[in-house]
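Below, each chain spelled out in residue letters.
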Amino acid sequence: MMKSASGHAQVHHWETSVAPMLVVGGVLFLVVFGFIGWFSYHSALMTILSVGIGVPLLVAGIAKWTSEGLTHKPLVEGLSPVALPIFIVSEVFIFLSLFVAYWTMRLSAGGDWPPAGTPTEMNLVLPIIMTVILVASSLTYHVAELKLEHSDLSGFRSWVLISMLLGLLFLGCTTYEYGHLLHQNFTPSTNAYSTAFYSITGFHASHVLVGLGVFLAVWLAAVRGMSNKYFAFCAGLYWHFVDIVWFFVATQVYYW
Amino acid sequence: MSTTSSGFKLSEWIFTTDHKRIGILYLIGSIAAFAVAGLMALLIRLEQMSPGPTIVSDAYTGGDQYNVWLYFHGAAMILGFLIPGLTGFAANYLLPLMIGAKDVAFPRINALSVWLFWAGIVMALLTFVVPDKPDVMWTGYPPYSIKTGGNLALYVFTVHLIGFSSILASVNFLVTIVYMRAPGMGWFQLNMFTWSCFTALIIQLVFVPVLAAAVTLLLMDRYLGTHFYDPANGGDVLLYQNLFWFYSHPAVYVIFLPAMGIFYEIYATMAKNPIFNYKAAVYGMCGIVLISGEVWVHHLYYSGMPDWIRIGQMVTTLLISVPVGLMTISLFGTLYRGAITFNTPMYYGTAALYLLIVGGLTGIPLAMTVLSVHLGETSFTHAHFHFIMGIFAAFSVFAAVDFWFPKISGRMLNEGQAKLGFWFNFIGVNVTFWPLFIIGVEGMPRRYWDYSQFPAHFADYHKVATVGAFIVAIGMALTISNWLISAVKGKKAEDNPWGSKSLEWTHTATPPGPGNFAEDVVVDAAWTPYNYR
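In this text the structure is predicted, and so the values were computed from the model without any measurement.

*Asks:* I'm lost on the confidence of the model for chain A in this one. Help?
*Replies:* Low pLDDT marks stretches whose predicted atomic positions should not be read closely. Of the residues in chain A, 95% reach a pLDDT of 70 or more, and the chain-wide mean stands at 92. Scored below 50 in pLDDT, residues 1–10 of chain A shows 18 contacts in the model against residues more than four places distant or in partner chains.

Have a look at this one:
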């Protein structure tokens, strides 16, 4: 990238960043080798080693990446708010595939639904509470963004923190629900409904977790007195997307 | 590769965020994948020399060994070589130069993409290290993939890593093309290669996630006990085939489009002609994007479905010949009354036209339901898709390296050796695949290692095909060694040895340094990359 303002001078300088490779290393060890160690080779040692190597790499990579993103000036500013929706298109298709799998099983089951093994009374109040929590967190994050617009960094920090706590509360509800259902012997392998239920809600919950990770990065930067409106906007956009997906999850998986 | 800055520094390569260096990293990875997957092809061909066990150890475990070769050949050629060679190497190196940008929109995400791809290559190569080698082809169909002793997780994570890399690259390049074109550069002033990547990346963005989801469900069925593909518990085996081909047929166009884009560039430059029917070809590419999502069911003709779906899908599958036809005519027409220079890239270009026609026309009977039932699972299909997808696209990668070699390395190739390599490659692929077309029609099934229950004369055709594969191996040894040697010892190249009008030749140093252009590029309404008249 050229930084020169003088026009004719070619800058003899190759841009580098350690962050991407750290992130790839982190993902490779934490997710891939961790999974294979545990599920393919049933080796606790391999799993612990992989996770032990992967987590620090990933955290270091994301930290480095965030700090570079907040300090370096990109070639063209303000492109991330258009890039993230494009990325979300691909996310939509992942969720769509999961729903297609669910609908296929559901519709081919005919009248046999829910299949044997499903608890007679699923808790249908909890999803409403979870919906309220998630919508509230979207709203609180919106307030945070308004604070940032008015350059109120400490207000921004507090409202991001509130949004994060609501997100954590949502994951707490999921954990409680899973524990309750597992206790009733409703596990991923019980039947077609449990297969779809755990996969779809679990995949959504993993997105909540990623969204919380992004909030954490935004928040930590704000604690250090740094902020970037595009970064904050993207974090919010992703969170709203996760929120909207939840409507589909709740209506399809719980109430249909 | 020498640069305009100081000498070679390893950290400036492995931590680079520069699109040109990332492109070269893609090229190294994809050629490595090609080489290993090519060795697997040789093993497959050697095994088929005779009807029973030839090089596998015995009739009982032979199938397992053979399946691992098939797995690696298929997965590495498609996911490790063709896609990263085109939308990885070529798009990375060329797109920002062609649109007059200093880099891509998100250089760090670009670096993330290339190393995710390398991580995928590492996962694929682990096949040769682990005791439970994956043996699920590149398709991973259940229920076999869920029941086999082979390591399914390696396959799934290879797909995940390379898939995630592709999705990020799609986002990055789409934004780059839309927002970072040089001031004044309108949509119909773009290079054909830029257009081809733009359309291919849209397909990639939308369809790769579906593949990722399909294999994720596979992973969960195998290791977490879910029942997505388990009919005994309310699942559906065909669900996988649908999800898989919903991605994997469009993946053919992710490969085909940039391959065509490369040949357009070579044709225009070597014939010194503007692109014939530029707009029609662009609309053809957009048409492929629109239709690509409606053709996948022809992969499931014999998996069971109502006739009305078969017939509907036959129509949509045949329909894709229309945009492809538009593109082909435009490619052909670009040569009309041109002053054609026949160097190695143009040799590959000419061969591509032949491959396109043979591979394209043999696709038509396969799209037709009645003929497809007879031909679909035979080596006719095997030869068809090797022509149109494998060799056509592979030739485009070789042509791209040869064509842009002076710009990338700053040196000229040894033209004689390159041409010799081309002839070995071209003759080799014909000797390999024509016999397979013929015995395919006579009923030689795909994927079999032991065909002793079939007519004895099949073995003769297989022997010829095996000879062909080794001719290609010689050709590739000549080609790749030429790249390596010429990059160090070749004659110094001028800035624009082919007299091209495209920005990457006219406005950059050879090879381009950091920041690509000495001054910001601005173009006017009269500028086109094909302004040869």
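*Asks:* How should I be thinking about the domain arrangement of chain A in this particular structure?
*Replies:* Interface size is commonly expressed as the accessible area that is lost once the parts come together. Residue and element names in this part refer to chain A. Segmenting chain A into domains produces domain 1 (1–73) and domain 2 (78–254). In this structure, domain 1 and domain 2 have C-alpha centres spaced 25 Å apart. Contacts between the two partners involve four residues from domain 1 and, on the opposite side, five residues from domain 2. Taken together, the residues of the side of domain 1 that touches domain 2 sort by class into two nonpolar, two polar and no charged.

*Asks:* Honestly, the environment of Glu494 of chain B in this entry has me stumped. Any pointers?
*Replies:* Residues and elements named next belong to chain B. Its place among the elements puts Glu494 in the loop between helix H17 (458–489) and helix H18 (503–506). Residue class for Glu494 comes out partly exposed when judged on the 13 C-beta atoms lying within 10 Å of it. For the pair Glu494 and Lys407, spaced 87 residues apart in sequence, the C-alpha to C-alpha distance is 8.5 Å.

*Asks:* In this structure, what is going on with helix H3 (residues 80–108) of chain A? I would like to understand it.
*Replies:* For an α-helix the count is 3.6 residues per turn, leaving residues at separations of three or four pointing the same way. With 29 residues, H3 of chain A should reach 42 Å at 1.5 Å per residue; the first-to-last C-alpha distance of 42 Å fits that figure. Immediately downstream of H3 of chain A, the backbone of Gly110 of chain A shows phi near 65°, a positive value.

*Asks:* Mind showing me how you'd approach the packing of H3 of chain A against helix H7 (residues 229–254) of chain A here?
*Replies:* In helix packing, the relevant descriptors are the interaxial angle and the interaxial distance, both defined with respect to the helix axes. Residue and element names in this part refer to chain A. Here H3 crosses H7 at 15°, and the two axes come no closer than 10 Å. Classed by the angle they form, the pair H3 and H7 counts as roughly parallel. Relative to H7, H3 is oriented so that their crossing is right-handed. In this structure, H3 contributes Ser80, Pro81, Leu84, Ile88, Glu91, Phe95, Phe99 and Tyr102 to the contact, and H7 contributes Tyr230, Phe233, Cys234, Leu237, Tyr238, Phe241, Val245 and Gln252. Residue classes in the contact of H3 with H7 are distributed as 13 nonpolar, two polar and one charged.

*Asks:* Just to check I follow, could you spell out the interface of chain A and chain B for this structure?
*Replies:* Between chain A and chain B, the residue contacts involve 50 residues of the former and 57 residues of the latter. Take the side of chain A that touches chain B: its biggest share by element is 14 residues, from H3 of chain A. When its residues are assigned to classes, the side of chain A that touches chain B shows 33 nonpolar, 16 polar and one charged.

Calculation rules
- Residues numbered from 1 in each chain as written.
- Chains lettered and ligands numbered in written order.
- Predicted model: local features only at pLDDT ≥ 70, side-chain atom pairs only at ≥ 80, totals over all residues.
- pLDDT = per-residue confidence, 0-100.
- Contact = placed C-beta atoms within 7 Å.
- Domains from an automatic or database assignment.
- Nonpolar A, V, L, I, M, F, W, Y, C, P; charged D, E, K, R; others polar.
- Helix = DSSP H or I, 4+ residues; strand = E, 2+ residues; numbered from the N terminus.
- Buried ≥ 20, exposed ≤ 12 C-beta atoms within 10 Å, placed from the backbone.
- Expected span 1.5 Å × (residues − 1).
- Axes fitted to C-alpha atoms, helices over the stretch in contact; angles between N-to-C directions.
- Parallel < 35°, antiparallel > 145°, perpendicular 65-115°, else oblique.
- Left-handed = near helix turned anticlockwise from the far one by under 90°.

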